[in-house]
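# Close look at the chain arrangement
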Amino acid sequence: QVQLVESGGGLVQPGGSLRLSCAASGSIFSISTMGWYRQAPGKQRELAATLTTGGSTNYADSVKGRFTISRDNAKNTVYLQMNSLKPEDTAVYYCNAVQPTGRGTYTYTYWGQGTQVTVSS
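Here we summarise the structure given alongside this text. (Residues numbered from 1 in each chain as written. Predicted model: local features only at pLDDT ≥ 70, side-chain atom pairs only at ≥ 80, totals over all residues. Heavy atoms only, no water.)

Turning to the state of the cysteines, a few remarks are in order. Taken as a whole and judged by the stated rule, the model has one disulfide. Here C22 connects covalently by a disulfide to C95, the sulfurs 2.0 Å from one another. Because the sign of the S-S torsion sets the handedness, a value of about -85° for the bond joining C22 and C95 places this disulfide among the left-handed ones. In this pair, C22 is assigned in strand β3 (residues 18-26) and C95 in strand β9 (residues 91-100), connecting sequence segments 73 residues apart. (Disulfide = S-S within 2.5 Å. Helix = DSSP H or I, 4+ residues; strand = E, 2+ residues; numbered from the N terminus.)

Okay, here's the thing in structure tokens:
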């Protein structure tokens, strides 16, 4: 079992920056991939960034060059540094973790509670 708690959201001006944090607890040793997803009002949830245990990253085209996903293993925390924020970045941001079950290829997927990011003047 993995628990994820996001923090760091808030209201920022266009062009500003925020750093989101996601603290993981539980069976964190088995996590293979962590990521950040976002859901804007009236829209479907979409991937923003992912990070594998091996260090590979993946970003949505809309955030490339502006967002950076990273982690601090000592703190069991993954971060999303968001720079040059745009109004279209406004969304609830959710932390995600994928964990092998240890039985075949089956996996568990966990989600945090979400944190609101609003970019507006």
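Still to come is the rest of the account.
Positive phi is not limited to glycine here, since N76 has a value of about 50°. For N76, the location among the structural elements is in the loop between β7 (67-72) and β8 (77-82). The backbone of S84 sits at a positive phi, close to 50°, despite the residue not being glycine. Tracing the chain through its elements places S84 in the loop between β8 and β9.

Enumeration over the complete set of coordinates arrives at four salt bridges. The salt bridge involving R38 is made with D89; its shortest N-O contact spans 2.9 Å. Pair noted here: R38 is in strand β4 (residues 33-39) and D89 is in the loop between β8 and β9, with a separation of 51 residues, a long-range link. As far as burial versus exposure is concerned, R38 and D89 are alike and both buried. Here D61 makes a salt bridge to K64, at a shortest N to O gap of 3.1 Å. Looking at D61, the relative accessible area reads 64%, which means it is exposed. Through salt bridges with shared partners, a single ionic network connects R38, E46, R66 and D89. (Salt bridge = Lys/Arg side-chain N within 4 Å of Asp/Glu carboxyl O. Buried < 20%, exposed > 50% of the residue type's maximum accessible area, 1.4 Å probe, protein only.)

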